[in-house]
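# An overview of the molecular structure
If you want the building blocks of each chain, they are given just below.
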Amino acid sequence: MINVNENYLKLRGSYLFSEIAKRVNAYSAANPDKKIIRLGIGDVTQPLSPSVIKALHAAVDEMADASTFRGYAPDLGYEFLRNAIAKNDYVDRGCDISPDEIFVSDGAKCDCGNIQEIFGSDAKVAVCDPVYPVYVDTNVMAGRAGDFDEALGLWNRIIYMPCTKDNGFAPALPAEVPDLIYLCFPNNPTGATITKAQLQEWVDYANKNGSVILYDAAYEAYISEEDVPHSIYECEGAKECAIELRSFSKNAGFTGLRLGFTVIPKELKRGGTALHGLWARRHGTKYNGAPYIVQRAGEAVYSESGKAETKEQIAYYMKNAKTILDGLKAAGYEVSGGVNAPYIWLKTPEGLNSWEFFDELLTKANVVGTPGVGFGPSGEGYFRLTAFGQHEATAEALERIKNL
Ligand code: MLT
């Protein structure tokens, strides 16, 4: 009889956001009259922008005509999109990234889950704590995480880098040197950022030790302050040690459309092997590309009108972030994030842990958020709210929280 991959049996419960959906659905079924406001998963609520919709329609029409129809996409993605990404996200910001170092995909979640495949199964992985659960779970599936220590709430082969109030939610360089370092800035879940000088320290550390940094910059568009790097390639030497992951979900509302990309500089080698070639091989074998119409929609995000519309959407969500930050502060909560990121990180009220506060908020205020401990043990006693709701619903949620 075939054996299953036993690493999957080690996974803890269900995926965080599936678990939350399950609990909310159960509450909703038992209380059908309650109007629930969802500020849990970071899913957008504003429609796709007019430029994106126009590009989608035009591309659909092309698919209806034999002379403009497209079949399989090129392995790395269409050149028109990779050119737009290289120019707007990198060259215009002073980063020397070329279109053939960009791999277009159907989203950053898949990429950050799959990229670990090109590294050795014995690679030592470091993650922030709290952390976006995909980084840890995919390494559990691959057998790199070791065993789960129930008492500590940690995997014993993973190097955790606590991000706490004391260090401003910015991880310290780990004493034990990892092979792979996952960093996400602006951060999910805490909304914290690091400066360019701090990021440079990580790049220098990785280059000195031969580690590779997987830099998740999915929330880059929300940066509002100076001196917060938009890309790791703004740092000297990053092309020799870093892979960057980006998404169209949070900046342009593509959570349902699906589009993202991964940058692997040609210089990035380990053990004499270029990682670019390995990912290209993996991409070619296991992936057939994001749909043509979606790549055209992505290209439209970089048009002049697309950029203006995207900016407006981000401003819309950041207005929510301010509503949440101001409202929580007025209600006496300790809060952070929400300035360069669409996530607000709050300390739960005295005497309530993360899941207890989740239940309290769900049952008494009918507001859904995400328990901090779901992102790791250092998230215990914290809670995440997202700014991706609609203005009216967000304002109402805050009124309800204030009245708790
Ligand atoms: C989150 O809520 O953390 C994100 O929406 C999850 C994701 O982007 O996959």
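Residues numbered from 1 in each chain as written. Predicted model: local features only at pLDDT ≥ 70, side-chain atom pairs only at ≥ 80, totals over all residues.

## Some words on the site of the ligand
With respect to spatial proximity, the complete set of residues near the ligand consists of Ile41, Gly42, Asp43, Lys109, Tyr132 and Asn188. For the shell around the ligand, the per-class residue count stands at two nonpolar, two polar and two charged. Residues from two domains meet in the shell around the ligand; each of domain 1 (7–47 + 305–402) and domain 2 (53–303) gives at least three. (Near = placed C-beta within 6 Å. Nonpolar A, V, L, I, M, F, W, Y, C, P; charged D, E, K, R; others polar. Domains from an automatic or database assignment.)

## With respect to the sheet that holds strand β7 (residues 180–184)
Taken in spatial order, the seven strands of this open sheet run β2-β10-β9-β8-β7-β3-β6, and their pairing is mixed. Whereas interior strands pair on both sides, the edge strands pair on one side only; in this sheet they are β2 (102–105) and β6 (158–162). Taking the axes of each pair of neighbouring strands and ignoring which way they run, one obtains an average angle of 20° across the sheet. Pairing between β7 and strand β8 (residues 212–216): five bridges, direction parallel. (Pairing = 2+ DSSP bridges. Helix = DSSP H or I, 4+ residues; strand = E, 2+ residues; numbered from the N terminus. Axes fitted to C-alpha atoms, helices over the stretch in contact; angles between N-to-C directions.)

## Describing the nonpolar core
Counting residues in each nonpolar core, the largest one holds 111 residues, and the members touching the most others are Val127, Ile213, Leu214 and Ile344. A total of six residues in this core trace back to one element, the largest contributor, which is helix α11 (residues 304–330). Among the domains, domain 1 (7–47 + 305–402) and domain 2 (53–303) are the pair contributing at least three residues each to this core. Residues in contact with Ile344, not counting those within four places in the same chain, are Gly191, Ala321, Ile324, Leu325, Leu328, Val335, Gly337, Gly338, Leu385 and Ala387. (Core = buried A, V, L, I, M, F, W, Y, C linked by C-beta atoms within 7 Å. Buried ≥ 20, exposed ≤ 12 C-beta atoms within 10 Å, placed from the backbone. Contact = placed C-beta atoms within 7 Å.)

## Overview of helix α12 (residues 354–365)
Between its first and last C-alpha, α12 extends 16 Å over twelve residues, near the 16 Å set by a 1.5 Å rise per residue. Considered for burial, the residues of α12 that qualify are Ser354, Phe357, Phe358, Leu361, Leu362 and Ala365. Along α12, the residues classed as buried sweep out an arc of 130° about the axis, all on the same side. Turned more than 90 degrees from where α12 packs its buried face, Thr363 and Lys364 sit exposed. Buried positions along α12 lie against α2 (16–30), β15 (367–368), β16 (370–371), β17 (382–386) and α13 (391–402). Of the residues one or two after α12, Asn366 is the one with positive phi, at around 55°. (Expected span 1.5 Å × (residues − 1). Arc of directions from axis to C-beta.)

## What to know about the sheet that holds strand β13 (residues 335–337)
Taken in spatial order, the four strands make up an open sheet running β13-β14-β17-β16, and their pairing is antiparallel. At either end of the open sheet lies a strand with only one pairing partner, and these are β13 and β16. In this sheet, β17 lies alongside β16 in antiparallel orientation, the contact comprising two bridges. Of the residues in β17, the one forming a bridge with Thr370 is Arg384. Contacting β13, β14 (343–347) and β17, α11 runs over the sheet at an angle of about 15° to β14.

## Things to note about the packing of helix α4 (residues 79–90) against helix α10 (residues 292–301)
Between α4 and α10, whose axes approach to 9 Å, the crossing angle comes to 25°. Comparing the axis directions of α4 and α10 gives the class roughly parallel. For the pair α4 and α10, the crossing hand works out as left-handed. Touching Phe80, Leu81 and Ala84 of α4 are Gln295, Gly298 and Glu299, all from α10. For the contact of α4 with α10, the per-class residue count stands at three nonpolar, two polar and one charged. (Parallel < 35°, antiparallel > 145°, perpendicular 65-115°, else oblique. Left-handed = near helix turned anticlockwise from the far one by under 90°.)

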